[in-house]
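Take a look at the letters that make up each chain.
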Amino acid sequence: MPELITRRTVLGAGLAAAGAVLLGDTAFSQQGTAPARRKVVVWSEGTAPKAVYPKDINTAIAAGLKGLRNWDVVTASLNDPDQGLNDELLKSADVIIWWGHKRHDEVKQELVAKIVKRVKEDGMGFIATHSAHYSKPLKQILGTNCGWNGYVNDGSKLQVIVKDSNHPIARGVKDFESPHTERYGDPFEVPKPEAFIFDGIYTHPDGTVEHSQQGMCWTIGKGRVFYFQPGHEDYPMYMQPEIQMIFRNAVRWAGPRRAPAAAPAAPADANKPA
Ligand code: ZN
């Protein structure tokens, strides 16, 4: 709602130093006119089958984020220099989306510590999906083992059920099905979520029906964290429109809310006697 922020308000708030002010989903530059860009980095480890994800999962998820207004979408890979996240990129990211599976151990603890700090202290959003439940960043952000009870890749059908339709991550999302997935079974070793947004029902190839949680979120320190279970690399789940909508909603929700900056503090008096 740009009309709520006048040029005078913005300038009066001393934003020359702060850079931008955010209201809801929209960011405004320090001039109070042009929207400021925000940034989501989509990271994956480069192990998805080329037949399903020719340019890996980061590129597929990023393609689904194109509808986000005023967001820059950047892909990063474990194969890139600095494991895809140099200090400059990490500092400029408002949200990171993480997909890993076979190469969790290769992610350097130094990088993980920086990610965790950005989430907890600076309010960067973090979204982990599918096998990233066992990623080092998610485990360290949540402080639990983050294991599921079982993992079966039998191509079960998944029905995703919107459990909390009032949550911003569920906005516009109706119950939907994915024809095949690898299923993770409850329970999930994580702290109690602040919202349990998506539930799920698996139908096994033999017709057995199994319940499993699909999407939940937390606020950890200043940062917002979302985990979404669907996304096994053998199936093109990240191309599915409903899942793409969930990721767009999750990015908007997870981005840090920057309150309008307060008036700058009075400058220190250099001549003040010690
Ligand atoms: Zn999987």
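That block above? That's the structure.
What comes next concerns the included structure.

What counts and how
Residues numbered from 1 in each chain as written. Predicted model: local features only at pLDDT ≥ 70, side-chain atom pairs only at ≥ 80, totals over all residues. Heavy atoms only, no water. Helix = DSSP H or I, 4+ residues; strand = E, 2+ residues; numbered from the N terminus. Buried < 20%, exposed > 50% of the residue type's maximum accessible area, 1.4 Å probe, protein only. Contact = heavy atoms within 4.5 Å. Areas by Shrake-Rupley, 256 points an atom, 1.4 Å probe, with all protein chains shown as cover. Salt bridge = Lys/Arg side-chain N within 4 Å of Asp/Glu carboxyl O. Donors = N, O, S within 2.8 Å, 3.2 Å for Na, K, Ca; no water.

Turning to the overall build of the protein chain, a few remarks are in order. Looking only at helices and strands, one finds seven helices and eleven strands in the protein chain. Taken over 274 residues, the protein chain has a buried fraction of 51%. Pairs at least 24 residues apart make up 70% of the contacts formed inside the protein chain by residues separated by at least 6 positions. Summing over all exposed atoms, the protein chain offers an accessible surface of approximately 12900 Å²; the carbon and sulfur share of this is 53%.

A few words now on the pattern of salt bridges. For the structure on display, the rule yields eleven salt bridges. Put simply, Asp 94 and Arg 38 hold a salt bridge, and the shortest N to O gap is 4.0 Å. You can see Asp 94 sitting in the loop between helix 4 (87-92) and strand 5 (95-99) and its partner Arg 38 sitting in strand 3 (residues 38-44), a full 56 residues away along the chain. For Arg 183, the salt bridge goes to Glu 210, with nearest N and O atoms at 3.0 Å. Separated by 27 residues along the polypeptide, Arg 183 in strand 8 (residues 176-188) and Glu 210 in strand 10 (residues 209-220) bring together distant segments of the chain. What makes Arg 183 buried here is its relative accessible area of 11%. Residues joined by salt bridges that share partners form a network here, namely Asp 87, Glu 110 and Lys 114.

The subject of this paragraph is the coordination of the zinc ion. With distances of 2.0 to 2.1 Å, the protein atoms coordinating the zinc ion are His 130 (NE2), Glu 182 (OE) and His 232 (ND1). Mapping the donors of the zinc ion onto the primary sequence yields the spacing H-x51-E-x49-H. Linking His 130 in the loop between strand 6 (125-129) and helix 6 (136-142) with Glu 182 in strand 8, this pair joins segments that are 52 residues apart in sequence. Look at His 130 and you get buried, because its relative accessible area is 0%. Taking the relative accessible area as the measure of exposure, Glu 182 reaches 12% and is therefore buried.

Keep in mind that these numbers describe shape and distance, not what the molecule does.
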